Amino acid sequence: MADVVLKNVSKIYKGGVIGCKNINLSVSDREFCVIVGPSGCGKSTTLRLIAGLEEITEGELYIGGDLVNEIPPKDRDIAMVFQDYALYPHMTVEENMSFGLRLRKYPKDEIKRRVIEAARILEIEHLLSRRPKQLSGGQRQRVALGRAIVRKPKVFLFDEPLSNLDAKLRVQMRIEIKKLHSKLRTTMIYVTHDQVEAMTLGDKIVVMKDGLIQQIDDPLSIYEKPKTQFVAGFIGSPPMNFIRVKVEDKDDYILIKEIGDGFKIVIDRNTFSYLIPYSGKEITLGIRPEDIVDRIFSKIDTKENVVEAEVVAEEPMGSENIIHAKTKSSNLVIRTDGTNRVKMGDRLELLFKLDKLHFFDVDDGKRIE
């Protein structure tokens, strides 16, 4: 078993600076867990605590059922892949990959077998005699992965390993890492600030902010049912639209009014009964760009719940079009089909998909449901 369990784990630096606080996380054996969040949120600190590169201030850390708080990094049976590859420039690819095994005085035949096996998995057999300066960024990253694979650790840790690669190569390496997990079936914990990496790689996603965990869930649940406005805005590209609105309970229906005397939407009182306690109060309405429909483009014959907006910018992407528009008081981003072209100043008649509305408390940012 190679599960990883953090119980009330905190890291407090000198001066009371919080690295991460009260982290409770369970990563199952063979699971791919991605920790995601903005810079400074505590994700890399959490990873370094698991690796043993930072000392835990409070709490307990278990790997494979064993308490490892006081166990040094070399004895935790983990392998870590860093952002900067950390390859020795004077060594060949083969020597870099085998370095850890040679330090542990593995038999030469065993070292050779493991290096060849890892090189075959990563398709870098032809590079074994080269040095890092002769390799591309993607090839260097494969070598760093290979160095971790030959160790056959209980747990793989990745600290933003694709940050130094260009956009096309990042996509390729994401696929390679996903395939690698399928082949090795080893527990992997991966840190990134890129929500696309998180969504495409993780079996489980951990969203962090200010040293605290905001939500732990599978990718689809994180996307469809974000527990806080922060999570809703961080996960998704383009991010979710947020509009300040006022709730009015009309007995037969609920009226949602944009603050600033803007649009009005009538929604079913039974379906959205959880909003009744907020009658007369302001809340935040969230709607994803793909859940906003242009009434004219979609040829929908209705005048109910129409949100009028003016186009302020357009980003044609080929297969899709990203439209930036403004209502009376709010800015909206709409994702639509690439054939739906607009120009600055066009007036739009928009419809929100009512079953895709999200609502958040304005005070604590928590989801209302």
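Presented here is a report on the structure given in the accompanying data block. Everything numeric in this text was worked out from a predicted model, so none of it was measured. (Residues numbered from 1 in each chain as written. Predicted model: local features only at pLDDT ≥ 70, side-chain atom pairs only at ≥ 80, totals over all residues. Heavy atoms only, no water.)

1. A look at the environment of Gln83
Among the secondary structure elements, Gln83 is positioned in the loop between strand 6 (78–81) and helix 2 (93–103). Each C-alpha atom, one on Gln83 and one on Lys227, is 30 Å from the other, the two residues being 144 residues apart in sequence. Apart from the residues lying within four places of it in its own chain, the contact partners of Gln83 are Asp159, Glu160, Pro161, Ser163 and Asn164. (Helix = DSSP H or I, 4+ residues; strand = E, 2+ residues; numbered from the N terminus. Contact = heavy atoms within 4.5 Å.)

2. Let's talk about the pattern of salt bridges
The full count for this structure, using the stated rule, is 23 salt bridges. Two residues, Lys179 and Glu176, come together in a salt bridge whose shortest N-O distance is 3.4 Å. Of this pair, Lys179 and Glu176 both sit in helix 5 (residues 167–184), three residues apart, roughly one helical turn. With relative accessibility at 37%, the residue Lys179 sits in the partly exposed group. In this structure, Glu290 engages Arg335 in a salt bridge whose closest nitrogen and oxygen atoms are separated by 3.0 Å. One end of the pair, Glu290, is in the loop between strand 14 (282–287) and strand 15 (292–294); the other, Arg335, is in strand 18 (residues 331–337), and 45 residues separate them in sequence. On the basis of relative accessibility, which here comes to 23%, the residue Glu290 falls in the partly exposed class. A single network of salt bridges, built from pairs that share partners, joins Glu110, Arg113, Arg114, Glu117 and Lys152. (Salt bridge = Lys/Arg side-chain N within 4 Å of Asp/Glu carboxyl O. Buried < 20%, exposed > 50% of the residue type's maximum accessible area, 1.4 Å probe, protein only.)

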